[in-house]
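Coordinate inspection notes
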Amino acid sequence: MGSVKLENLRKTYEPNNIVVRDINLFIPDKEFIVLVGPSGCGKTTTLRMIAGLEEITDGNIYIDDRLINNVPPKDRDIAMVFQNYALYPHMDVFENMAFGLKLRKYNKDEIKKRVEKAADILGIKHLLNRKPKALSGGQRQRVALGRAIVRQPKVFLFDEPLSNLDANLRVQMRTEISRLHHQIETTMIYVTHDQIEAMSMGDRIAVMKDGIIHQVDTPLNIYNNPVDKFVASFIGSPTMNFINGRIEYSENYIFHSINNSVKIFLPDRFKKSLDSYKNKELVLGIRPEHIYTHDGKNSFVPIVGYVEVIETVGNEMFVYFNLGENNKLVARIPPDNRIKVNQSFNFLFDTDKLHFFDKSTEKAI
């Protein structure tokens, strides 16, 4: 078993520098959870406290109901994969992978068995006699993974392990790590600032900002039901569009942008949630992929926007358009559209996919 529980976990470097704020999180055995957030949000510090590399200011950490606050890193039954690989340059691949086992006095046959099995899983058996300098970045990362696998720990910790790789290798290694998780069925805690990595790899995602976990859920639930404006803006690429406005009611609920360049009649499903926001300001959110250029569903509402920039990225286009003062949006659409820069265009908002946020608290409505 390898469950992990964080209980009121807190890290303070000085009175006014609180890096992690009272985090409570339970990670079941064999789960792959991703801690994701912008730089400085406290995700790596949280991981290092679990590893024992960072002292806890307050709170408790349990692995399988065993309190490990004062347990040395080497006795926590964890293995950590770092961003910079941390391979010994004078040792070949086999020696790098076997080094931790030798320190723990495993016999030679067991070491050979574990290293070869890990190398086979990672497809690096043919590299066992090479030195790190003769390896590519992706191969070095596999060796670092192999060194963790041979330990057969209860918990794997990953600290942005793909950030030094090029784009193609990152995609490949994402798949490799996900496949590895299914093969060895061990608890994995993965830290990244890349929300695409988080969405594609994690069973669950914990979205962090300023030392606080804002939301923990499956990737799909976080994407479809963000708890606040920060989560909505951080998860999704390009980011969610936001329009400040107010709700009015006559026979229907109507959203007006602040400068009245946008007017949207809202479906009945919003009646209950928006009833207390009549004539009040709030924030409307809509993802770029829910803005269209062709008629489709009855829920589509036309909005006129002035096209400023178009980015073509293979099988899709990002169209940046302006609805008026402080209302700059982006649509994610197929590349066969005949939209041109410096022209007005009729965009279609899918009202079934709208999100609303309280203007003051930024919580989802």
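Here's a quick rundown of the structure. Source: prediction; values computed, not measured.

Rules behind the numbers
- Note on numbering: residues in each chain are counted from 1, in written sequence order.
- Per-residue local features of the predicted model are confined to residues with pLDDT of at least 70, and side-chain atom pairs are confined, for both listing and counting, to 80 or more; whole-chain, interface and lining totals are unaffected and use all residues.
- Only hydrogens and water are set aside when side-chain values are computed; all heavy atoms of the structure are taken into account.
- Strands are runs of DSSP state E lasting at least 2 residues, helices are runs of H or I lasting at least 4, and numbering of each runs from the N terminus.
- Each residue's exposure class comes from its accessible area (1.4 Å probe, protein chains only) as a fraction of the maximum for that residue type: buried when under 20%, exposed when over 50%, partly exposed otherwise.
- Here a residue-residue contact requires only that any non-hydrogen atoms of the pair lie within 4.5 Å.
- Here the Shrake-Rupley method, with its probe set to 1.4 Å, supplies the accessible areas, and only the displayed protein chains count as covering residues.
- A residue counts as positive if it is Lys or Arg and as negative if it is Asp or Glu; His and the chain ends are not included.
- Each charge is placed at NZ for Lys, CZ for Arg, CG for Asp and CD for Glu.
- Convention adopted: a line fitted to C-alpha atoms gives each axis, helices being fitted over their contacting stretch, and angles between N-to-C directions are expressed from 0 to 180 degrees.
- An angle counts as roughly parallel when it lies under 35 degrees, as roughly antiparallel when it exceeds 145, as roughly perpendicular when it falls between 65 and 115, and as oblique in every other case.
- Less than a right angle of anticlockwise turn of the near helix away from the far helix marks a crossing as left-handed, whereas a clockwise turn marks it as right-handed.
- Under the convention adopted here, Pro, Cys and the residues Ala, Val, Leu, Ile, Met, Phe, Trp and Tyr are nonpolar, Asp, Glu, Lys and Arg are charged, and Gly plus all remaining residues are polar.
- For two strands to be treated as a pair, DSSP must find at least two bridges joining them.
- Only centres within 6.5 Å qualify two rings of Phe, Tyr or Trp (six-membered ring in Trp) as a pair; their planes then separate them into stacked at under 30 degrees, edge-to-face at over 60, and tilted for everything else.
- Buried residues of nine kinds, namely Ala, Val, Leu, Ile, Met, Phe, Trp, Tyr and Cys, make up a nonpolar core once their side-chain atoms join them within 4.5 Å.

Right, let's talk about the overall build of the protein for a bit. Within the protein, the regular secondary structure consists of nine helices and 20 strands. Principal-axis analysis of the C-alpha atoms gives the protein an extent of 80 × 45 × 35 Å. Split into buried and exposed, the 365 residues of the protein put 50% on the buried side. Sequence separation of at least 24 residues holds for 65% of the intrachain contacts in the protein that already meet a minimum separation of 6. Total accessible area computed for the protein in this model is approximately 17800 Å², and 47% of it derives from carbon and sulfur atoms. Counting 49 positive and 45 negative side-chain charges, the protein places the centres of these two groups 5 Å from one another.

For the pair helix α4 (residues 137-149) and helix α5 (residues 167-184), the least separation of the axes is 11 Å and the interaxial angle reads 20 degrees. Accordingly, the angle class assigned to the pair α4 and α5 is roughly parallel. The handedness of the crossing between α4 and α5 comes out as right-handed. On the side of α4, the interface is formed by Gly138, Gln141, Arg142, Leu145 and Ile149, while α5 contributes Leu169, Gln172, Met173, Glu176, Ile177 and Leu180. Taken together, the residues that form the contact of α4 with α5 break down as six nonpolar, three polar and two charged.

Attention now moves to the side chain of Glu160. Position of Glu160 relative to the elements: it lies in the loop between β7 (155-159) and α5. Residues in contact with Glu160, not counting those within four places in the same chain, are Lys43, Thr44, Gln83, Val191, Thr192 and His193.

Next up on the list: the sheet that holds strand β1 (residues 4-14). Strand order in the open sheet made by the four strands is β2-β1-β4-β5, with antiparallel pairing throughout. Each end of this open sheet is capped by a strand with a single partner; those strands are β2 (17-27) and β5 (66-67). Two strands pair when backbone bridges link them, and β1 and strand β4 (residues 58-63) are joined in this way by five bridges, in the antiparallel orientation. Within the sheet, the bridge partner assigned to Arg10 lies in β4 and is Asp58.

Another point: the environment of Met80. Turning to its location among the elements, Met80 is positioned in strand β6 (residues 78-81). Along the backbone, Met80 and Ile68 are 12 residues apart, and their C-alpha atoms lie at a distance of 16 Å. Beyond its immediate stretch of four places on either side in the chain, Met80 contacts Leu47, Arg48, Ala51, Leu53, Leu157 and Asp159.

Centre-to-centre distance and the angle between the planes together describe a pair of aromatic rings. For the structure shown, the criterion picks out 12 aromatic pairs. Both rings, one in Phe32 and one in Tyr190, keep their centres 5.9 Å apart while their planes meet at 35 degrees; by these two values the pair is tilted. On the criterion of sequence distance, the pair formed by Phe32 in strand β3 (residues 32-36) and Tyr190 in strand β8 (residues 187-192) is long-range, its members being 158 residues apart. Exposure class is identical for Phe32 and Tyr190. Each is buried. Seen in terms of ring centroids, Phe242 and Phe357 are 5.8 Å apart; in terms of plane orientation they differ by 70 degrees. Their pairing is edge-to-face. One end of the pair, Phe242, is in strand β11 (residues 241-249); the other, Phe357, is in strand β20 (residues 355-358), and 115 residues separate them in sequence. Grouping aromatic residues by their ring pairs yields a cluster made of Phe32, Phe156, Phe158 and Tyr190.

To continue, consider the pairing of strand β19 (residues 344-350). In terms of strand pairing, strand β15 (residues 291-292) meets β19 through two bridges, oriented antiparallel. Note on β19: the bridge partner recorded for Ile291 is Phe349. Pairing between strand β16 (residues 300-312) and β19: seven bridges, direction antiparallel. Looking at the pairing, Val304 lines up with Asn346 of β19.

With respect to topology, five strands assemble into an open sheet ordered β13-β12-β11-β14-β20, the strand pairing being antiparallel. The open sheet has two free edges, formed respectively by β13 (263-265) and β20, since each of these has just one partner strand. Averaged over neighbouring strand pairs, the angle between their axes works out to 35 degrees when direction is ignored. Sheet topology note: the β11/strand β14 (residues 281-286) ladder contains six bridges and is antiparallel. Following the sheet pairing, Gly245 is matched in β14 by Leu282.

What follows deals with the nonpolar core. Counting residues in each nonpolar core, the largest one holds 46 residues, and the members touching the most others are Met97, Leu145, Phe158, Ile177, Tyr190 and Val207. For this core, the leading source of residues is helix α3 (residues 108-122), giving six residues. With near-sequence residues (within four places) excluded, Leu145 lies in contact with Val81, Leu122, Phe158, Met173, Ile177 and Leu180.

Turning next to unusual backbone geometry. A cis amide bond, omega -5 degrees, links Ser237 with the succeeding residue Pro238. Here Pro238 lies in the loop between α8 (229-234) and β11. Here the phi dihedral of Asp65 falls at roughly 65 degrees; this positive angle occurs in a residue that is not glycine. Relative to the assigned elements, Asp65 resides in the loop between β4 and β5. Within the chain, Gln152 stands out as a residue other than glycine whose phi angle is a positive 50 degrees. Tracing the backbone shows Gln152 in the loop between α4 and β7. Gln152 gets classed as partly exposed once you look at its relative accessible area, which sits at 49%.

None of the figures reported here should be taken as evidence of function without further support.
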